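Descriptive structure summary
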Amino acid sequence: MHDGTSSSQASPAADVTERLGYRLKRAAAALRSALDRALREYGLTVPQYACLELLDQRPGLSNAELARGTFVTRQSMNVVLRGLQDAGLITRPATTDRGRALPAHLTEEGHRRLAAARSAVYAIDQRMTDAVPEQRLAELLADLDHMAAALDG
């Protein structure tokens, strides 16, 4: 029975592979590997794809907003945006009148590439979803949100 203390939870596991963090990392690594393989066919990286998805939903996001939304640093997002711009998938103005933020927008080719890659990404997400019994999925999603909130800030 749990008595409210975390001493038993803080003790080292006999097998680190049984720890929750390890299992989450293993699942995240498997997801990333599957996404990398699928997106390579479309000439995209995972951060580039995530950036295109965000810009499709919310055109005009800034570098900082995109970095937060794709879980990369601002410096990494600069590289992602430059690659997308060089590939003709996004446009950004050279200057802007609202401070330093340079809003990004998908080009027609960006929309086409995103639409082509999206089905492969969604199929991977569906494979993960199908691995969880339907009656437990909502609870699992809530648990993942609770875990993230417990570690934020």
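Rules and cut-offs
Residues numbered from 1 in each chain as written. Predicted model: local features only at pLDDT ≥ 70, side-chain atom pairs only at ≥ 80, totals over all residues. Heavy atoms only, no water. Helix = DSSP H or I, 4+ residues; strand = E, 2+ residues; numbered from the N terminus. Contact = heavy atoms within 4.5 Å. Areas by Shrake-Rupley, 256 points an atom, 1.4 Å probe, with all protein chains shown as cover. Core = buried A, V, L, I, M, F, W, Y, C linked by side-chain atoms within 4.5 Å. Buried < 20%, exposed > 50% of the residue type's maximum accessible area, 1.4 Å probe, protein only. Arc of directions from axis to C-beta. 1 Å grid on protein atoms, 1.4 Å probe; cavity = no way out; pocket = protein on both sides within 12 Å on 5 of 7 lines; lining within 4 Å. Points joined across faces, edges and corners; volume = space filled by probe spheres on them. Nonpolar A, V, L, I, M, F, W, Y, C, P; charged D, E, K, R; others polar. Expected span 1.5 Å × (residues − 1). Bend = angle between axes of the 7 residues up to and from the residue. Axes fitted to C-alpha atoms, helices over the stretch in contact; angles between N-to-C directions. Left-handed = near helix turned anticlockwise from the far one by under 90°. Polar contact = N/O pair within 3.5 Å; in protein donor to acceptor, adjacent residues only side chain to side chain.

It is worth spelling out the overall build of the protein at this point. On a plain count of helices and strands, the protein comes out with seven helices and two strands. For the protein, the α and β elements follow one another from N to C terminus as α-α-α-α-α-β-β-α-α. A separation of at least 24 residues holds for 48% of the contacts in the protein among residues at least 6 apart in sequence. When the accessible surface of the protein is summed, it comes to about 10,600 Å², and 54% of that surface belongs to carbon and sulfur atoms.

Next up on the list: the nonpolar core. The biggest cluster of nonpolar side chains holds 27 residues, and the ones touching the most others in it are L44, C51, L52, L55, L66, L84 and I90. Contributing elements (two or more residues each) for this core: α2 (20-40), α3 (46-57), α4 (63-70), α5 (74-86) and α6 (108-130). Take this core: its biggest share by element is six residues, from α3. Ignoring any residue separated from it by four or fewer positions in sequence, one finds L55 in contact with G60, L61, L66, I90, A104 and L106.

Turning our attention to α4. All buried positions along α4 are accounted for by N63, A64, L66, A67 and T70. Angularly, the buried residues of α4 cover 165° about the axis, an arc narrow enough to put them on a single face. At its buried positions, α4 is contacted by α3 and α5. Of the residues trailing α4, F71 is marked for its positive phi of about 65°.

A positive phi angle, near 65°, is found at F71, a position not held by glycine. Following the sequence through the fold, F71 ends up in the loop between α4 and α5. F71 sits in the exposed class, given a relative accessible area of 77%.

The calculated volume of the largest pocket comes to roughly 1,700 Å³. Counting residues per element, the ones that place at least two in the lining of the largest pocket are α2, α3, α4, α6 and α7 (134-151). The greatest single-element share of the lining of the largest pocket, amounting to eleven residues, is contributed by α2. Each residue belonging to the lining of the largest pocket can be placed in one class, and the counts come to 28 nonpolar, four polar and five charged.

On to α6, then. The end-to-end C-alpha separation of α6 is 33 Å, in line with the 33 Å expected for 23 residues at 1.5 Å each. Along α6, the helix axis deviates most sharply at R118, where the bend reaches about 30°. Those residues of α6 not exposed but buried are G110, R113, L114, A117, A120, V121 and I124. Buried residues in α6 make contact with α2, α3 and β2 (105-106).

With that out of the way, let us pick up the packing of α3 against α4. Put simply, α3 and α4 touch, their axes get as near as 10 Å, and they point 115° apart. Considering how the two elements wind past one another, α3 and α4 form a crossing that is right-handed. Seen from α3, the contacting residues are P47, A50, C51, L54 and L55; seen from α4, they are L66, G69 and T70. When its residues are assigned to classes, the contact of α3 with α4 shows six nonpolar, two polar and no charged.

We now examine the side chain of T70. By the element assignment, T70 lies in helix α4. What makes T70 buried here is its relative accessible area of 10%. A polar atom in the side chain of T70 sits 2.8 Å from the backbone oxygen of L66. Other than its neighbours up to four places away in sequence, T70 contacts P47, A50, C51, L54 and M77.

Purely geometric stuff here, so don't read any function into it on its own.
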